[in-house]
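Summary of the model geometry
For reference, the chains in residue letters:
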Amino acid sequence: MSTTYRLGVLEGDGIGPEIVPSAVEIATTAGQAAGVAVDWITLPLGAGAIDSHGTPVPDETRAALAELDGWFLGPHDSVSYPEPHRSALNPSGTLRKHFGLFANIRPAKSFPGARAVCENADLVIVRENTEGFYADRNTFAGTGEFMPTPDTAIAMGIITREATERVARVAFDLARSRRQKLTIVHKANVLKLTTGLFRTVCQEVAAEYQDVTVDDFHIDAMTVHLVRRAQDFDVIVTENMMGDILSDLAGEISGSLGTAPSINASADRAMAQASHGSAPDIAGRDIANPVAMILSGAMLFEWLAARHEDPALARTARIVEAGVAAAIAAGTSTRDLGGSATTTGFTTAVVEAIKAGAGQD
């Protein structure tokens, strides 16, 4: 183990303190099998940080993250925060904005043994993360929502060539490494200038990737296509709000939002973050599904492998994924997937599968 990677651990709120340690334990086990050493750095974030530091995202947390190779971010329950924190940008958005994490990459892959609507789904949604029709992403200070009168509310949706080009290249590079198919999702028949620009810029970038087959669909049609034939899609690129909606739909089609991982990345930083929320109604009961957080960690290792040109990191990711698949295929899963396993029970099953050789060459 010639290199030790330093990764942050931010457990967050709700089920975060249950699923994040699960992901850390499994990543550590896989890393040991692959010859990767990790120094885990636990940092305050969320409701606990409000109690201890007076803010959900302390300055010391941001400063520490800037020195790390990446981090695991648990879900947040910002709607339960006291004011003024409830009305401020949530912890995930704060970190994305602070570190310029412009690409939200969300796979949706069916697992044998899980209750998937589409048993052959294997796609990735690449969501532009810094602008679009989420108004909290569109301004340097404050948000892009405002009310000129008590009875009128306005939100800005902003699309720029620069942001679209960089996320399009992430999506095309990903498609090139997979099945060489990319779908652009937009609403250019109505939002002609904004999503029209998004579609046009993506099509222009496509000229640099002649080996990738490209098509495009309106967002409303795309929801139907995902339900009917999710297995036909490879990589989907779209703006912020549309990507959020589609990725939740794709997660459910592939089995459960509990299996939907993601990373948020820039050119030089990435954080692993499950696509689902903090589920405060089941927090502390040891029944949460940790798969999305576990697989988000695997995605981070894969991203780090490309950045550091370290095949051991890529092997770590494959071992994690194989361990999860082996546990589910053997009949161990949480309630949302039709099983009865606890969070800790599922974690133990994945660890045992890895130690038994799952995913190892």
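Residues numbered from 1 in each chain as written. Predicted model: local features only at pLDDT ≥ 70, side-chain atom pairs only at ≥ 80, totals over all residues. Heavy atoms only, no water.

This part is about the overall build of the protein chain. Tallying secondary structure elements over the protein chain gives 11 helices and 12 strands in all. Relative to the compact-globule value of 21 Å for 361 residues, the protein chain shows a C-alpha radius of gyration of 20 Å, a close match. Across its three principal directions, the C-alpha atoms of the protein chain cover 55 × 50 × 40 Å. Looking at the protein chain as a whole, 53% of its 361 residues are labelled buried. Carbon and sulfur atoms form 52% of the exposed surface of the protein chain, whose accessible area is close to 15100 Å². The average position of the 29 basic charges and that of the 44 acidic charges among the side chains of the protein chain differ by 4 Å. (Helix = DSSP H or I, 4+ residues; strand = E, 2+ residues; numbered from the N terminus. Rg over C-alpha atoms; globule rule 2.2 N^0.38 Å. Buried < 20%, exposed > 50% of the residue type's maximum accessible area, 1.4 Å probe, protein only. Areas by Shrake-Rupley, 256 points an atom, 1.4 Å probe, with all protein chains shown as cover. Lys, Arg positive; Asp, Glu negative; His and termini not counted. Charge placed at Lys NZ, Arg CZ, Asp CG, Glu CD.)

So, on to unusual backbone geometry. Here the bond from Glu83 into Pro84 is cis, since omega is 10°, no more than 30 degrees from zero. For Pro84, the position within the fold is in the loop between β3 (70–73) and α4 (91–99). Positive phi values are uncommon outside glycine, yet Asp286 reaches one of about 60°. Tracing the backbone shows Asp286 in the loop between β12 (270–273) and α9 (291–308). Located in the positive-phi region is Glu309, a residue other than glycine, with phi close to 50°. Residue placement: Glu309 occurs in the loop between α9 and α10 (311–329).

All right, on to the sheet that holds β12 then. Sheet strands pair by backbone hydrogen bonding; their relative direction is either parallel or antiparallel. Spatial ordering of the open sheet is given by β2-β1-β3-β12-β11-β4-β5-β10-β8-β9, a layout of 10 strands whose pairing is mixed. Whereas interior strands pair on both sides, the edge strands pair on one side only; in this sheet they are β2 (37–42) and β9 (213–218). Across the sheet, the mean angle from the axis of one strand to that of its neighbour is 25°, orientation sign disregarded. By the bridge criterion, seven bridges tie strand β4 (residues 103–109) to strand β5 (residues 122–128) in an arrangement that is antiparallel. By the bridge assignment, Ala103 is partnered in β5 with Glu128. Packed on one face of the sheet, helix α7 (residues 219–229) meets β5, β8 (181–186), β9 and β10 (235–238) and runs near 115° to β9. (Pairing = 2+ DSSP bridges. Axes fitted to C-alpha atoms, helices over the stretch in contact; angles between N-to-C directions. Contact = heavy atoms within 4.5 Å.)

Before going further, it helps to spend a moment on the pattern of salt bridges. Evaluation of the coordinates by the stated rule reveals 14 salt bridges. Here Arg86 makes a salt bridge to Glu83, at a shortest N to O gap of 3.4 Å. We classify Arg86 as partly exposed; its relative accessible area is 41%. The shortest N-O distance in the salt bridge between Asp220 and Lys187 comes to 3.0 Å. Taken together, the positions of Asp220 in helix α7 and Lys187 in the loop between β8 and α6 (194–206) put the pair 33 residues apart, joining distant regions of the chain. Given a relative accessible area of 16%, Lys187 falls into the buried group. In this structure, a network of salt bridges that share partners links the residues Arg106, Arg127, Asp244 and Asp248. (Salt bridge = Lys/Arg side-chain N within 4 Å of Asp/Glu carboxyl O.)

A few words on the environment of Pro280. Relative to the helices and strands, Pro280 resides in the loop between β12 and α9. Measuring from C-alpha to C-alpha, the distance between Pro280 and His76 comes to 9.5 Å, with 204 residues separating the pair along the chain.

Counting across every chain of the model gives four aromatic pairs. Taken together, a centroid distance of 5.0 Å and an interplanar angle of 55° make the contact between Trp71 and Phe99 tilted. A residue pair is termed long-range when its members are at least 10 positions apart, and Trp71 in strand β3 and Phe99 in helix α4 qualify at 28 residues. Here Phe99 falls in the buried class, since its relative accessible area comes to 10%. Ring centres of Phe217 and Phe233 lie 6.1 Å apart, and the angle between their planes is 75°; on these two criteria the pair is classed as edge-to-face. (Phe/Tyr/Trp six-rings, centres within 6.5 Å; stacked < 30°, edge-to-face > 60°.)

Working note: a packed helix pair is described by the angle between its axes plus the distance between those axes. Interhelical geometry of α7 versus helix α8 (residues 240–253) gives an angle of 10° and a closest axis separation of 10 Å. By the angle between their directions, the pair α7 and α8 is classed as roughly parallel. Here Ile219, Met222, Thr223, Leu226 and Val227 of α7 lie close against α8, whose contacting residues are Met242, Leu246, Leu249 and Ile253. Taken together, the residues of the contact of α7 with α8 sort by class into eight nonpolar, one polar and no charged. (Parallel < 35°, antiparallel > 145°, perpendicular 65-115°, else oblique. Nonpolar A, V, L, I, M, F, W, Y, C, P; charged D, E, K, R; others polar.)

This next bit is on the packing of helix α1 (residues 16–34) against α10. Here α1 crosses α10 at 130°, and the two axes come no closer than 8 Å. By the angle between their axes, α1 is oblique relative to α10. The crossing of α1 and α10 is right-handed. Contacts between α1 and α10 involve Ile26, Ala27, Ala30, Gly31, Ala33 and Ala34 on the former and, on the latter, Ala312, Arg315, Thr316, Ile319 and Val320. (Left-handed = near helix turned anticlockwise from the far one by under 90°.)

Our focus in this paragraph is a nonpolar patch on the surface. A cluster of nonpolar side chains, namely Phe146, Ile154 and Met156, defines an oily patch on the protein surface of about 240 Å² accessible area. Note on placement: Met156 falls in the loop between β7 (152–155) and α5 (161–177). (Patch = residues over 30% accessible without salt bridge, like charges linked within 9 Å, V, L, I, M, F, W, Y side chains within 5 Å.)

Position of Val57 among the secondary structure elements: in the loop between α2 (47–53) and α3 (59–65). Since its relative accessible area comes to 4%, Val57 is described here as buried. Linking Val57 and Leu95, residues 38 residues apart in sequence, is a C-alpha distance of 8.3 Å. Here Val57 is in contact with Leu45, Arg62, Pro91, Thr94 and Leu95, once residues within four sequence places are set aside.

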